[in-house]
Amino acid sequence: MTIEDIARFTSFYSHRIRKLTLERASGSEPPSEVFQALRNLNIGLIAPNLTCLHWYSEYLWEFEDVFSSISLFLGSNLIDIGIHIHPENSDHRNFVATMANKYPNLEVLRITFGSPSPPADFWEEVTPTFQFDNLRSLIIPHLSTTVLERLSRLPDLQNIYLSDFNFLVEVPRDLQGDKNRFPSLKELVVVTANFDMCLNLILYLSPTSPLRRFSLTCAPLIPFAPSMREWQQLLYLIVRHCNPDTLTRLELQDSDYIDPDVLLPAPTSSLEGDIEKIDVEPLFAFKNLEALELSFAYGLSLTKADLQRISSNWKSMTYMYLCSHYPSYRVPTINHEDIVALVKACPKLWGLGVIFDTNRIPETPTLLLEKPLKRFQRLKVGNSPIESVGVITKFLAMHFPRLAEVMPCGTVRQFPDSAELSRKWSEVQEGLRDAILERRRARVVPN
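Calculation criteria
Every chain is numbered independently, its residues counted from 1 as its sequence is written. With pLDDT at 70 or above as the cut-off, local features in this predicted model cover only qualifying residues; side-chain atom pairs require 80 or more to be listed or tallied, and sums for whole chains, interfaces and linings still use all residues. Only hydrogens and water are set aside when side-chain values are computed; all heavy atoms of the structure are taken into account. Every angle, taken between N-to-C directions, lies between 0 and 180 degrees, and every axis is a line fitted to C-alpha atoms, over only the stretch in contact when it is a helix. For the purposes of this entry, the term helix denotes a DSSP run of H or I that reaches at least four residues, the term strand denotes a run of E that reaches at least two, and both are numbered from the N terminus. Convention used here: angles under 35 degrees read as roughly parallel, angles over 145 as roughly antiparallel, angles from 65 to 115 as roughly perpendicular, and any remaining angle as oblique. The criterion used for residue contact is that any of the two residues' heavy atoms lie within 4.5 Å. Put simply, Ala, Val, Leu, Ile, Met, Phe, Trp, Tyr, Cys and Pro go in the nonpolar bin, Asp, Glu, Lys and Arg in the charged bin, and everything else, Gly too, in the polar bin. A simple rule labels every residue: compare its accessible area, found with a 1.4 Å probe on the protein chains alone, to the largest value its type can have, and call it buried under 20%, exposed over 50%, or partly exposed in between. What qualifies as a polar contact is a pair of N or O atoms within 3.5 Å, subject to a donor-acceptor requirement within protein and to the restriction that residues adjacent in sequence count only when both atoms come from side chains. Here the expected span of a helix is defined as 1.5 Å times the quantity of residues minus one. Note that patches include only residues with greater than 30% relative accessible area and no salt bridge, and the join distances are 9 Å for like charges and 5 Å for nonpolar side chains (Val, Leu, Ile, Met, Phe, Trp, Tyr). Residue burial considers only the protein chains on display, and all accessible areas are found by Shrake-Rupley using a 1.4 Å probe. Here, a salt bridge means any Lys or Arg side-chain nitrogen found within 4 Å of an Asp or Glu carboxyl oxygen. Neither His nor the chain ends contribute to the count of charged residues, in which Lys and Arg are positive and Asp and Glu negative. Taken as the charge centre is NZ of Lys, CZ of Arg, CG of Asp or CD of Glu, depending on the residue. The pairing criterion is simple: DSSP has to find at least two bridges between the two strands. For the handedness criterion, the strands are oriented away from the viewer, and a crossover whose path from the first strand over the helix to the second runs clockwise is classed as right-handed. Any Phe, Tyr or Trp ring, taking Trp's six-membered ring, that has another such ring centre within 6.5 Å forms a pair; planes under 30 degrees apart are called stacked, those over 60 apart edge-to-face, and the others tilted.

Colleague: Whenever I open this one, the packing of helix 8 (residues 304-313) against helix 9 (residues 336-345) confuses me. Can you help?
Modeller: When two helices pack together, you describe them by how their axes are tilted relative to each other and by the distance separating the axes. Taken N-terminus to C-terminus, the directions of helix 8 and helix 9 make an angle of 10°; their axes are 9 Å apart at the nearest point. The angle between helix 8 and helix 9 places the two elements in the roughly parallel class. Residues Lys304, Leu307, Ile310 and Ser311 of helix 8 lie in contact with helix 9, whose contacting residues are Asp338, Leu342 and Ala345. Of the residues belonging to the contact of helix 8 with helix 9, the class tally is 4 nonpolar, 1 polar and 2 charged.

Colleague: How do you make sense of the side chain of Ser206 when you look at a structure like this?
Modeller: With respect to the helices and strands, the residue Ser206 is situated in the loop between helix 6 (195-203) and strand 8 (213-218). Given the relative accessible area of 2%, Ser206 is considered buried. Here Thr208 takes part through its side chain, which lies 2.8 Å from a polar atom of the side chain of Ser206. Dropping the residues within four chain positions of it, Ser206 is found in contact with Asp178, Lys179, Arg181 and His241.

Colleague: Can you walk me through helix 11 (residues 419-443) in this structure?
Modeller: When the terminal C-alpha atoms of helix 11 are compared, their 37 Å separation across 25 residues agrees well with the 36 Å that a helix rising 1.5 Å per residue should span. Turning to helix 11, its buried residues number three or more, namely Ser422, Lys424, Trp425, Val428, Gln429, Leu432, Ala435 and Ile436. On its buried face, helix 11 sits against strand 15 (378-382), helix 10 (389-399) and strand 16 (405-408).

Colleague: Mind showing me how you'd approach a positive patch on the surface here?
Modeller: Residues Lys371, Lys374, Arg402, Arg440 and Arg443 make up a contiguous surface patch of positive charge. Along the chain, Arg402 falls in the loop between helix 10 and strand 16.

Colleague: Which parts of the structure should I look at to understand the pairing of strand 3 (residues 80-85)?
Modeller: Successive residues of a regular strand alternate their side chains across the two faces of the sheet. Judged by how many residues are buried, strand 3 sits mostly within the fold: 6 of 6 residues are covered. With 6 bridges joining them, strand 3 and strand 4 (residues 108-113) adopt parallel strand pairing. For Ile83, the partnering residue across the bridge sits in strand 4 and is Ile111. Crossover handedness for the path strand 3 to helix 3 (residues 90-102) to strand 4: right-handed.

Colleague: Explain helix 9 here, please?
Modeller: Residue pairs spaced three or four apart in an α-helix point in one direction, given the helix's 3.6 residues per turn. When helix 9 is considered as a whole, its buried residues turn out to be His336, Asp338, Ile339, Val340, Leu342 and Val343. Where the residues of helix 9 are buried, they touch helix 8, strand 13 (319-321), strand 14 (351-353) and helix 10. One side-chain oxygen at the N-terminal end of helix 9 lies 3.0 Å from the backbone nitrogen of Glu337; it belongs to Asn335.

Colleague: Got a minute to help me understand the environment of Thr127 in this structure?
Modeller: Along the chain, the position of Thr127 falls in the loop between helix 4 (120-126) and strand 5 (137-140). Taking relative accessible area as the criterion, Thr127 reaches 10% and is therefore assigned buried. Sequence separation between Thr127 and Leu148 is 21 residues; the distance between their C-alpha atoms is 10.0 Å. Setting aside chain neighbours within four positions, we find Thr127 in contact with Ser144, Thr146, Val147 and Arg150.

Colleague: Looking at this structure, how should I read the packing of aromatic side chains?
Modeller: The description of an aromatic ring pair uses the distance of the two centres, along with the angle that the planes make with each other. Using the criterion set out here, one finds 10 aromatic pairs in the structure. Ring geometry for Phe113 against Phe122: centres 5.5 Å apart, planes inclined by 80°, an arrangement best described as edge-to-face. Residue class for Phe122 comes out buried when judged on its relative accessible area of 1%. Ring geometry for Tyr319 and Tyr321: centres 5.4 Å apart, planes at 35°, overall tilted. With a relative accessible area of 16%, Tyr319 lands in the buried category. A relative accessible area of 10% means that Tyr321 is categorised as buried.

Colleague: Is there a simple way to think about the pattern of salt bridges in this case?
Modeller: Pairing of side chains with opposite charge becomes possible as their charged atoms draw close. One pass over the full model with this rule turns up 15 salt bridges. Put simply, Glu187 and Arg213 hold a salt bridge, and the shortest N to O gap is 2.7 Å. You can see Glu187 sitting in strand 7 (residues 187-192) and its partner Arg213 sitting in strand 8, a full 26 residues away along the chain. Here Glu187 and Arg213 have matching classes, each one buried. Its salt-bridge partner being Glu251, residue Arg213 comes within 3.0 Å of it at the nearest N-O pair. Pair noted here: Arg213 is in strand 8 and Glu251 is in strand 9 (residues 249-254), with a separation of 38 residues, a long-range link.

In C-alpha cells:
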C-alpha cells in the first residue's frame, strides 16, 4: 500500500464506513499481519464515523492477538457493539468495564463469553461501570442481580436476550411487581439449564411493561427436566408479571438437547408425586395472544374440553404448538374431529402442533366442514399414532388443501424407536405436497 493509497482511503472512503463485522471464516487464517500493518500506518481511527462494530475474532484461541487491533475502530460514534470476550483476560475485562464511559450513546450491546460461566469476580469488577443509559437491546449470557436491577430502570431498553445465567437471587416479596421496572421492555428471550433462575427472573418483570414476546427455553438434564408442577408454577408467575394487554407471543419449552452432540432420552412416565396435567387456563388472561408454544418434556395431556376452551379464548392465534419435542408416553384423547374443530374456531390459525389419534378416521373420509380451510399450512404431530398413510393424507388434504408441512417430533437419530412412525408421517407430507401440485397443474389452462 503506497502513501497515495492511504491518502485516497482516508480522504474518500474511511469516513463513509458505518458498519464493520469481523468473523472467522471457515479455514481462514488469523489476520494478525493485516491489522499490524494498519497499526503501523499511524493514521488513527480507520473508520471515524463507524456506528456498528461486531468483533468476533475471539471465538478461537489462535485469534487472541487480534483483539488489540479493535482500538483501530473504536470511535465515539458507535451505537452498536458486538464482542466475544474471555473474562479471564484482563484486557477484555478492562474493555467491558470502560465501555459505558467511552460510548455513552450505545444502543445495542451483544457480549458472548469464551467460557461456560464467567468467574464471580468478573461481575464484581464490571458491575460498577455497567451503566448504559441509552441502551435499547442487550444480548448477553450472564447477568448479576445488581446489573439486572440497573437494567430494569433504563427508560429505552426494549429487547433482552439471556442465556446460561446463574447469578440471580429471588426478588424480596415487598419489591415484586414493581411497576417502575422495564418501562419499555417488549421482548425477553431466555435460554438456560437452571429453572430456578427462570422463576427468579420473572419476579423482576412488571405487569405494566409493554412486553410483547416472552420466550423461555430450558435445556434440562433428563431425568431432571422441570416437572409439570414446576412449569405450572411458572405459568402462574407469568400471569402475575406479564402485561395481559400487550403480550402476543409466548414460547415455553424444554429443549431436547444440551448441544447437538449430547442427545437426551425421552421421558417414559410422569414423575412420582407430580401433578397429573398442566392447566393452561391461567394463560387465558392474555386475550391478544397470536403465537403460543408450550413444549414440555412431560407433555400437556390435552382433552377435547381443553381445545374447546382454547378456541373460545384465543381468536387471534396464528400458530399454536402444544406438543413436546419428545415422543409422548401418553395415549392421546383427542382425535381428527377435534383438530378440525379447533382450526375452524380459530379464524387466523395457520399452524398447529398437537398429538392426536388418527385411527378413528373412516377409510372413506367425508368433509366435516362447509368448505375446506385454505389458510392452514403447518401441522406438528409429535408421535401421533398412524395406521393408514393413505387415509390420513386424504382426510388432511380434504380439509386443509394448502397444508404442506407435517412434522413428527425429533429425528431418527434422537428417537430411533419412532423411526417407523416418522417414515409414515413423512409419506403423509409427501402425499399432501403431491396433491397441491396436482391441483395447481389442473388449474393450468392448455394453449
